[in-house]
Amino acid sequence: SAVISQKPSRDICQRGTSLTIQCQVDSQVTMMFWYRQQPGQSLTLIATANQGSEATYESGFVIDKFPISRPNLTFSTLTVSNMSPEDSSIYLCSVVPAGSADEQFFGPGTRLTVL
Amino acid sequence: KNQVEQSPQSLIILEGKNCTLQCNYTVSPFSNLRWYKQDTGRGPVSLTIMTFSENTKSNGRYTATLDADTKQSSLHITASQLSDSASYICVVSSGGYQKVTFGIGTKLQVIP
């Protein structure tokens, strides 16, 4: 299994500002992902965080808006840039541990409110 | 378009009662189906994972079934407890973690 922590757990931000969310895992993982869960909606994959290289973004998400870093096998950050109220959501980090067979673990999430 | 539909959207049951949640999917190709429990303010936690060849899997009081022919799954909760109050999310994979379709979830409330 994998224990995932995220910081901050929640935040209230002003329009036009940026917030960086951190994801820390207690063990090395092969894959790390960032998801968004908007109110009343299903989880949507934003991007795959690639260690040592640029993240792979899903359709509808761009690097300028959601820059991602993954400097090593246990840590990643997601920045929500130039925020608007539409970015209010829960952002979740997810990992697949090394040697895992179909197991995908999720962090506790970061609840973001943009005013 | 791959879709996962869950029913009911919400459900209220008395503590100690059983309930069944439904998941219908139109995902193709099919790799596996997972059920997650998501407590309010928390991330989803895996309950069961089933591949094409499995038609039932249990995890304590949780039992999931899969009918790959009709593309339906159910999650049965036995002898519900207050701590079962959560959203239950059905997730279907087409192979690869980038090819995963999430349902919106069923919000279950267990009352005393």
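Worth saying up front: this structure is predicted, and the values here are computed from it rather than measured. Note that residues are indexed from 1 along each chain, following the sequence as it is written. Chain labels run from A onward and ligand labels from 1 onward, assigned in the order the entries are written. Selection of residues for local features in this predicted model requires a pLDDT of at least 70, selection of side-chain atom pairs for listing and counting requires 80 or more, and totals for whole chains, interfaces and linings are taken over all residues. Note that water and hydrogens are dropped before the side-chain values are worked out from all heavy atoms of the structure.

1. Describing the state of the cysteines
Residue and element names in this part refer to chain A.
Thought 1: Here, a disulfide means two cysteine sulfur atoms that sit within 2.5 Å of each other. According to the stated counting rule, one finds two disulfides over all chains in the structure shown.
Thought 2: One disulfide bridge connects Cys23 with Cys93, the sulfur atoms lying 2.0 Å from each other. Across the S-S bond linking Cys23 and Cys93, the dihedral sits near -65 degrees, which makes this disulfide left-handed. Of this pair, Cys23 sits in strand β3 (residues 19-25) while Cys93 sits in strand β9 (residues 89-97); the two residues are 70 residues apart in sequence, bridging distant segments of the chain. In DSSP terms, a helix is any run of H or I states spanning at least four residues, a strand is any run of E spanning at least two, and both are numbered starting from the N terminus.

2. Here we look at the interface of chain A and chain B
Thought 1: With 20 residues of chain A at the contact, the number on the chain B side is 16 residues.
Thought 2: Salt bridge, as used here: a side-chain nitrogen of Lys or Arg that lies within 4 Å of a carboxyl oxygen of Asp or Glu. At the junction of chain A with chain B, the criterion picks out zero salt bridges.
Thought 3: In the analysis that follows, any N or O atom pair within 3.5 Å is treated as a polar contact, provided that within protein one partner can donate a hydrogen and the other can accept it, and provided that, for residues neighboring in sequence, both atoms belong to side chains. Run the count over chain A and chain B and you get four residue pairs in polar contact (both at pLDDT 80 or more).
Thought 4: Breaking the side of chain A that touches chain B down by element, the ones donating at least two residues are β4 (29-37), β5 (44-49) and β9 of chain A.
Thought 5: Counting residues per element, the side of chain A that touches chain B draws most heavily on β4 of chain A, which supplies four residues.
Thought 6: Among the residues making up the side of chain A that touches chain B, the classes are represented as nine nonpolar, seven polar and four charged. Residues are treated as being in contact if the distance between any of their heavy atoms lies within 4.5 Å. We call Asp, Glu, Lys and Arg charged. Ala, Val, Leu, Ile, Met, Phe, Trp, Tyr, Cys and Pro are nonpolar, and the rest, Gly among them, are polar.

3. Description of the packing of aromatic side chains
Thought 1: Aromatic rings from Phe, Tyr and Trp, with only the six-membered ring used for Trp, were paired whenever their centres fell within 6.5 Å, and each pair was classed as stacked if the ring planes differed by under 30 degrees, edge-to-face if by over 60, and tilted otherwise. Per the stated rule, a full pass over the model turns up ten aromatic pairs over all chains.
Thought 2: Pairing Tyr35 of chain A with Phe102 of chain B gives two aromatic rings, centres 5.3 Å apart and planes at 75 degrees, and the pair type is edge-to-face. Separated into two different chains, Tyr35 of chain A in strand β4 and Phe102 of chain B in strand β10 (residues 100-102) make up a pair that spans both. Each of the two residues, Tyr35 of chain A as well as Phe102 of chain B, counts as buried.
Thought 3: Note on Phe61 of chain A and Phe66 of chain A: the rings are 5.6 Å apart at their centroids and 65 degrees apart in plane angle, and the pair reads as edge-to-face.
Thought 4: Burial classes follow relative accessibility: with a 1.4 Å probe on protein chains only, a residue under 20% of its type's maximum area counts as buried, one over 50% as exposed, and anything between as partly exposed. By relative accessible area, which is 9% here, Phe61 of chain A ends up buried.
Thought 5: In this structure an aromatic cluster arises from ring pairing among Phe33, Tyr35 and Phe106 of chain A together with Tyr36 and Phe102 of chain B.
Thought 6: The ring of Tyr62 of chain B has Arg61 of chain B lying over it, and the distance from NZ or CZ to the ring centre is 5.7 Å. By definition, being over a ring means that NZ of Lys or CZ of Arg is both within 6 Å of the ring centre and within 35 degrees of the ring normal.

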